[in-house]
Amino acid sequence: MSNELQIYIDGTFYPKSQAKISVYDHGLLYGDGVFEGIRAYNGVVFKLREHIQRLFDSAHAMMLQIPLSKELMAQAVTETLRKNNLRDAYIRLVVTRGVGDLGLDPRKCPKPSVIVIADLIKVHEADAKTKGITTTISWIRRDPVDATTHEIKSLNYLNSVMAKIEANISGVDEAICLDKNGSVCEGVGENLFVVKKGRIFTPPSSVGALPGITAISVVEAAHKLGYEVTETNITPYQLINADEVFFSGTAVEVVPIREVNKRQIADGVPGPVTKRIIAEFHKTTLDRKQGTPI
Ligand code: PMP
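Caption draft 1: Representation of the overall build of the protein chain. For the protein chain, the count of helices and strands is eight helices and 16 strands. In terms of overall dimensions, the protein chain has a C-alpha envelope of 55 × 40 × 30 Å along the principal axes. Counting the 294 residues in the protein chain, one finds 53% classified as buried. In the protein chain, the proportion of contacts linking residues at least 24 apart, taken out of those at least 6 apart, comes to 72%. Between the centroid of the 35 positive side chains of the protein chain and the centroid of its 34 negative side chains there is a distance of 3 Å.

Caption draft 2: Seen up close, the site of the ligand. Near the ligand you find 15 residues, and of these Tyr157, Glu186, Ile213, Thr214 and Thr250 are the closest. Separating an oxygen atom of the ligand from a backbone N or O atom of isoleucine 213 is a distance of 2.8 Å. Protein contacts shield 96% of the accessible area of the ligand, which totals 380 Å² for the unbound molecule. The site holding the ligand turns out to be the largest pocket. Residues that form the shell around the ligand fall into these classes: four nonpolar, six polar and five charged.

Caption draft 3: Seen up close, the domain arrangement of the protein chain. By the assigned domains, the protein chain splits into domain 1 (6-119) and domain 2 (128-285). For domain 1 versus domain 2, the separation of C-alpha centres amounts to 26 Å. Facing the 24 residues of domain 1 at the interface are 19 residues of domain 2. Here domain 1 packs against domain 2, burying approximately 1700 Å² in sum over the two surfaces, 65% of which is carbon and sulfur. Seen at the junction of domain 1 and domain 2, the total is zero salt bridges.

Caption draft 4: Broad picture of the sheet that holds strand 1 (residues 6-9). Read from one edge of the open sheet, seven strands run 2-1-6-5-3-4-16, paired in antiparallel fashion. Unpaired on one side and paired on the other, strand 2 (12-15) and strand 16 (291-293) mark the two borders of the sheet. Going from strand to strand, the sheet's axes swing by 25 degrees on average, the running direction of each strand aside. Bridge count between strand 1 and strand 6 (residues 113-119): two bridges; the pairing is antiparallel. In the strand pairing of strand 6, tyrosine 8 is matched with valine 116.

Caption draft 5: Looking closely at the nonpolar core. Membership of the largest hydrophobic core comes to 35 residues, with the highest contact counts inside it found for Val45, Met73, Val77, Leu81, Ile91, Leu93 and Val95. Counting only elements with at least two residues in this core, the list comes to strand 1, strand 3 (33-41), helix 2 (48-61), helix 3 (70-83), strand 5 (89-96) and strand 6. Membership of the second largest hydrophobic core comes to 20 residues, among which are Ile176, Val194, Phe201 and Leu239.

Caption draft 6: Region of the structure containing unusual backbone geometry. With a phi close to 50 degrees, asparagine 42 is a non-glycine residue in the positive phi region. With respect to the element layout, asparagine 42 can be found in the loop between strand 3 and strand 4 (44-46). The exposure class of asparagine 42 is partly exposed, given its relative accessible area of 40%. Notably, methionine 63 is not glycine yet its phi reads approximately 55 degrees, a positive angle. Structurally, methionine 63 can be placed in the loop between helix 2 and helix 3.

Reading guide: rules and limits
Residues numbered from 1 in each chain as written. Predicted model: local features only at pLDDT ≥ 70, side-chain atom pairs only at ≥ 80, totals over all residues. Heavy atoms only, no water. Helix = DSSP H or I, 4+ residues; strand = E, 2+ residues; numbered from the N terminus. Buried < 20%, exposed > 50% of the residue type's maximum accessible area, 1.4 Å probe, protein only. Contact = heavy atoms within 4.5 Å. Lys, Arg positive; Asp, Glu negative; His and termini not counted. Charge placed at Lys NZ, Arg CZ, Asp CG, Glu CD. Near = heavy atom within 4 Å. Polar contact = N/O pair within 3.5 Å; in protein donor to acceptor, adjacent residues only side chain to side chain. Areas by Shrake-Rupley, 256 points an atom, 1.4 Å probe, with all protein chains shown as cover. 1 Å grid on protein atoms, 1.4 Å probe; cavity = no way out; pocket = protein on both sides within 12 Å on 5 of 7 lines; lining within 4 Å. Sits in = over half its atoms within 2 Å of the grid points. Nonpolar A, V, L, I, M, F, W, Y, C, P; charged D, E, K, R; others polar. Domains from an automatic or database assignment. Buried area = accessible area lost by both parts, 1.4 Å probe. Salt bridge = Lys/Arg side-chain N within 4 Å of Asp/Glu carboxyl O. Pairing = 2+ DSSP bridges. Axes fitted to C-alpha atoms, helices over the stretch in contact; angles between N-to-C directions. Core = buried A, V, L, I, M, F, W, Y, C linked by side-chain atoms within 4.5 Å.

Structure representation (C-alpha cells):
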C-alpha cells in the first residue's frame, strides 16, 4: 500500500495524487458547493454532528441536495480518518454541485459529489497562541446577509481570499473584515471576540459572519469561567481600543490578536481573559463527550 493520504470521493478512496474531480464540476466552474473544516483531537472528531448540521444548513440555503444522510456523512468522515490512521487531523468535507455543462444552471448537475480529505493544517506560526498575531482591517467588505452571505459556508471564498491578500501585502498575519456598514464582522476564516473591562463582546448575526462552531465553545468556556458574552456591533475604534481581542475558528482554534492596523492592542501581549479561554477551550477539545469517536 502507498504511503499517500487516501481521499474519499463519492464512496471510493483514491491516493492523494489521483484524487481528482471533473473540470466540468460546478464546484470548480462556479464555486457552487459547500464545505466544512473539522478537527479530530486524540481519536475524537470534535463537534462532528454540529459541523454536519451546518453543512446541511448551508446546502439547504443553496438548494443543494446532499446525496448522503447525516449519519452516512459522519461515517464517511470517521472512515476516512481510520483509513489514514489519523487520530489528530484537520478534515475538509466538501459537497460540490457535481458535473454539469458550461451553463451555471444547477439543474444541469444531476449528481452532487462528496469529498473528504483528512490532513493537517498550519495557519500561523507555532508561537501565535503565546505571542498573538498581527492584523489589518481589509478594504474588502463582507457581503451583506441579503446576498452571497458568509453565513453559508459555500465554496465561494473569493471575499476571504482577497482580504487575505491584503493582509499578505501589508505584511501582517491576518485580515479583519467589516460589514457593509463598517462594523467589525469576522476574520477570513475566524470569528472575532473583544474583551473590555472584563466583559466579552462579539458581533451579532446581522453582520453576516459564519456562525462558528468554535465560537459556541468559546461562549461556553467563557460562561464556565464566569464571563458574560454579549453580541453587539463593534466599531473599528472599539476594536483598536479593546483590552483584548482574539479570533476563534476550527483551523486557528483560539488565537490572540496583538495588533490591528499597526495599533497595538493594550500592552501588545495576550491578555488574561484570552489566556483563560485558550486553556479552557483546549480542555474542551480533549473531552470525549464533545465529539464522535473515530
Ligand atoms: N468565519 C468564516 C468565514 C470561516 O470560514 C470560519 C471557519 N469555518 C469561521 C468563521 C469559524 O468557524 P468554525 O469555528 O466553525 O470553524
